[in-house]
Amino acid sequence: MHKRLLSALCLLVFLLAGCQRDDPSTSGGSTTFAVDTTPPVAGTLETERLSILPWDSGRAAYTGGYFAAETANGFFLEYMAKLYYADKSNPDNWVVVCAEPECEHEVGDGGCGAHLAGAFLLKDQRIYYISNKGIDVEKGEILPEDLSPYVASMALDGTDKREEYFMGTPEGYTRNASGGGTAFLMGGYALESAHYLNQSGTYDLWLTAVDEAGGFILFTDTREEVTSHCRSWRHMGHIFGDEAFGSLMMDSSFSVAFRLKDRELTGTDLSGLPWTGGYLSGDTLRVFKPGEGYYAVDLTTREEMKLADPQLENSWAYIVQPNCIFESAILGKESMAERVAEEAYGFNFFDGKIWWDVALPEELMGLEEDGYLELMTLGSDRAIFLLVQGKGTEKKLYPYQLLLGTDQPTLEAIGELKQVFPKNE
């Protein structure tokens, strides 16, 4: 198992090393994307103005937690285990990246060519991604062996699919449907967290990682039951800045951010802090407190320094970068608890120097209580959001884009991420 696991992870590290170039078929320089380490100043948010970057800057993949990618011509987005693509010249047309004949692209169908079980990267005109066999739609079963993640690749149009490396299960262990495992990408490392059912009926948790020098074990533990999974912090909590991962409890809560540097794992306690939508840089966490404003928290002392008041009432904010902040009463699931019925919602965007009033289409001005906007990625010249409405099989997904560098920033609808749910017979 170790060889299979390390081979898979080594492949991912190889991919991570090239993730700054989104489409090798187009020539052009590559810009390294780095976390802003400029210390905050009390009483102000001002910093360098947000700039439009070359398309291959890597910003889209980074801010999207490797669930988004940008090429010279378009964007890839992954949501609910499905991969979609839209061309920049026709952003209303989001297509499922599947080349399987007569495929209905059902949610949870591992046979669909667009089924992904985790993050993805673009490299050498191919999409490399973490996958598993998913749900057998016809049988309605999840088999233990189907939970084992593997690294796969396919051409940019969804053809020529290859199973590159199968991570597998250690000898003597069985993956359990209630335990399973997760594989994810983070900060130059590839990691897998998995619970294995041992012979005594308890669970052994393995957290392994690999870098350019090889693979290593970060953490092992034995537990009576599965209580948590390790997941990408940015993906689960929309926290930006330093790449970190967290232990996702079964109640979907996080309390500790784990960072991995020079093979050393360090944890930062974030309990009691409104970290969702925040920006983590070293020992400083920039956060937004609804109704109070923007703060910088020294994580070593817990001392707080106020940076600015909120721009809007009953709002939530994403601090994507110190010079890129979005604030609105319709941002994120958390905003639904702050929302006031029958209120006309605003949307503000900070570019490092100026707060802009973003023009909203009518359907977002009085968004229903069960709807919210989720930031998918900040690309080279635009931010892409996803309007999530409804629940379960009634859920609808509508992308919106905000173009940077315009005199009147506007959120404009760009089609739909169409989903097909299995039919109940």
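It should be emphasised that the depicted structure is a prediction, and the values quoted were computed from it without experimental measurement.

Notes on the overall build of the protein
Helix and strand counts for the protein stand at five helices and 30 strands. Here the protein displays about 18500 Å² of accessible surface, and carbon together with sulfur accounts for 47% of that area.

A short note on the sheet that holds strand E25 (residues 347-350)
Sheet strands associate in pairs through backbone hydrogen bonding, adopting either a parallel or an antiparallel arrangement. Spatially, four strands are ordered E23-E24-E25-E26 in an open sheet, and the strand pairing comes out antiparallel. Only two strands of the sheet have a single neighbouring strand rather than two, namely strand E23 (316-321) and strand E26 (355-357). On average, each strand axis in the sheet is tilted by 20 degrees relative to the strand beside it, whichever way the strands run. In terms of strand pairing, E25 meets E26 through three bridges, oriented antiparallel. Within E26, the residue paired with Phe 349 across the bridge is Trp 356.

Here's the deal with the pairing of strand E5 (residues 120-123)
Where burial is concerned, the two faces of E5 agree: the one with Phe 120 and Leu 122 and the one with Leu 121 and Lys 123 are both buried. Sheet analysis places E5 next to strand E6 (residues 126-131), joined by four bridges and oriented antiparallel. Counterpart to Leu 121 in the pairing with E6 is Tyr 128. As consecutive antiparallel partners, E5 and E6 are separated by two residues, and within that stretch Asp 124 has a phi angle of approximately 50 degrees, a positive value.

Considering the sheet that holds strand E28 (residues 382-389)
Here we have four strands laid out as an open sheet, ordered E27-E28-E29-E30, and antiparallel in their pairing. The sheet is open, and its two edges are formed by strand E27 (371-378) and strand E30 (411-413), each paired on a single side. Sheet twist, expressed as the mean angle between neighbouring strand axes with direction ignored, is 30 degrees. For E27 and E28, the ladder comprises seven bridges, and the chain directions are antiparallel. Pairing of Leu 373 across the sheet is with Leu 387, part of E28.

Notes on the nonpolar core
One finds Phe 326, Phe 347, Leu 373, Phe 385 and Leu 411 to be the most contacted residues of the largest nonpolar core, which totals 37 residues. When contributions to this core are tallied by element, the ones reaching two or more residues are strand E21 (293-298), strand E22 (304-308), E23, strand E24 (324-328), E25, E27, E28 and strand E29 (396-403). With residues up to four places along the chain from it excluded, the contact list for Leu 373 reads Tyr 318, Ile 330, Leu 331, Gly 332, Phe 347, Leu 364, Phe 385, Leu 386, Leu 387, Tyr 400 and Leu 411. Core analysis: the second largest hydrophobic core is formed by 33 residues, Tyr 85, Trp 94, Phe 120 and Leu 397 among them.

A closer look at the pattern of salt bridges
Evaluated as defined, the whole model comprises ten salt bridges. The partner of Asp 242 in a salt bridge is Arg 259, with the nearest N and O atoms 2.8 Å apart. Taken together, the residues span a long stretch of sequence, with Asp 242 in the loop between strand E15 (240-241) and strand E16 (245-249) and Arg 259 in strand E17 (residues 256-261) at a distance of 17 residues. We classify Asp 242 as buried; its relative accessible area is 18%. You can call Arg 259 buried: its relative accessible area is 14%. Where Arg 302 meets Asp 269, a salt bridge forms, and the shortest distance between an N and an O atom there is 3.7 Å. Residue Arg 302 is located in the loop between E21 and E22, and its partner Asp 269 is located in strand E18 (residues 264-269); the two are separated by 33 residues in the primary sequence.

Here we look at the environment of Arg 231
Within the secondary structure layout, Arg 231 lies in strand E14 (residues 228-232). Taking the C-alpha atoms as reference points, Arg 231 and Phe 245, separated by 14 residues in sequence, lie 5.6 Å from one another.

Here we look at the packing of aromatic side chains
The description of two aromatic rings rests on the distance between their centres and on the angle between their planes. Tallied over the full model, the rule gives eleven aromatic pairs. Between the aromatic rings of Tyr 196 and Trp 206, the centroid separation amounts to 5.7 Å while the plane-to-plane angle is 80 degrees, which identifies the pairing as edge-to-face. Of this pair, Tyr 196 sits in strand E11 (residues 189-197) while Trp 206 sits in strand E12 (residues 203-211), placing them ten residues apart in sequence. Judged by relative accessible area, Tyr 196 falls into the buried class, the value being 1%. Ring centres of Phe 326 and Phe 347 lie 6.2 Å apart, and the angle between their planes is 50 degrees; on these two criteria the pair is classed as tilted. Of the two residues, Phe 326 sits in strand E24 while Phe 347 sits in strand E25, which places them 21 residues apart along the sequence.

Considering the side chain of Glu 374
Assignment of secondary structure puts Glu 374 in strand E27. Looking at Glu 374, the relative accessible area reads 13%, which means it is buried. There is a polar contact of 3.3 Å between the side chain of Glu 374 and the side chain of Tyr 79. Leaving out residues up to four positions away in the same chain, Glu 374 has contacts with Tyr 79, His 238, Tyr 318, Ile 384, Phe 385, Leu 386 and Val 388.

Overview of the environment of Trp 275
Tracing the sequence through the fold places Trp 275 in the loop between E18 and strand E19 (279-281). On the basis of relative accessibility, which here comes to 13%, the residue Trp 275 falls in the buried class.

Re the pairing of strand E2 (residues 74-79)
Of all six residues that make up E2, six are buried, and the element is covered over most of its length. Judged from the three bridges that link them, strand E1 (residues 68-70) and E2 form a sheet pairing that is antiparallel. Paired with Ala 69 across the two strands is Phe 76, which belongs to E2. Linking two consecutive strands that pair antiparallel, namely E1 and E2, is a turn of three residues. Between the antiparallel neighbours E2 and strand E3 (residues 82-87) lie two residues, among them Met 80 with a positive phi of about 50 degrees.

Rules used in this analysis
- Residues numbered from 1 in each chain as written.
- Predicted model: local features only at pLDDT ≥ 70, side-chain atom pairs only at ≥ 80, totals over all residues.
- Heavy atoms only, no water.
- Helix = DSSP H or I, 4+ residues; strand = E, 2+ residues; numbered from the N terminus.
- Areas by Shrake-Rupley, 256 points an atom, 1.4 Å probe, with all protein chains shown as cover.
- Pairing = 2+ DSSP bridges.
- Axes fitted to C-alpha atoms, helices over the stretch in contact; angles between N-to-C directions.
- Buried < 20%, exposed > 50% of the residue type's maximum accessible area, 1.4 Å probe, protein only.
- Core = buried A, V, L, I, M, F, W, Y, C linked by side-chain atoms within 4.5 Å.
- Contact = heavy atoms within 4.5 Å.
- Salt bridge = Lys/Arg side-chain N within 4 Å of Asp/Glu carboxyl O.
- Phe/Tyr/Trp six-rings, centres within 6.5 Å; stacked < 30°, edge-to-face > 60°.
- Polar contact = N/O pair within 3.5 Å; in protein donor to acceptor, adjacent residues only side chain to side chain.

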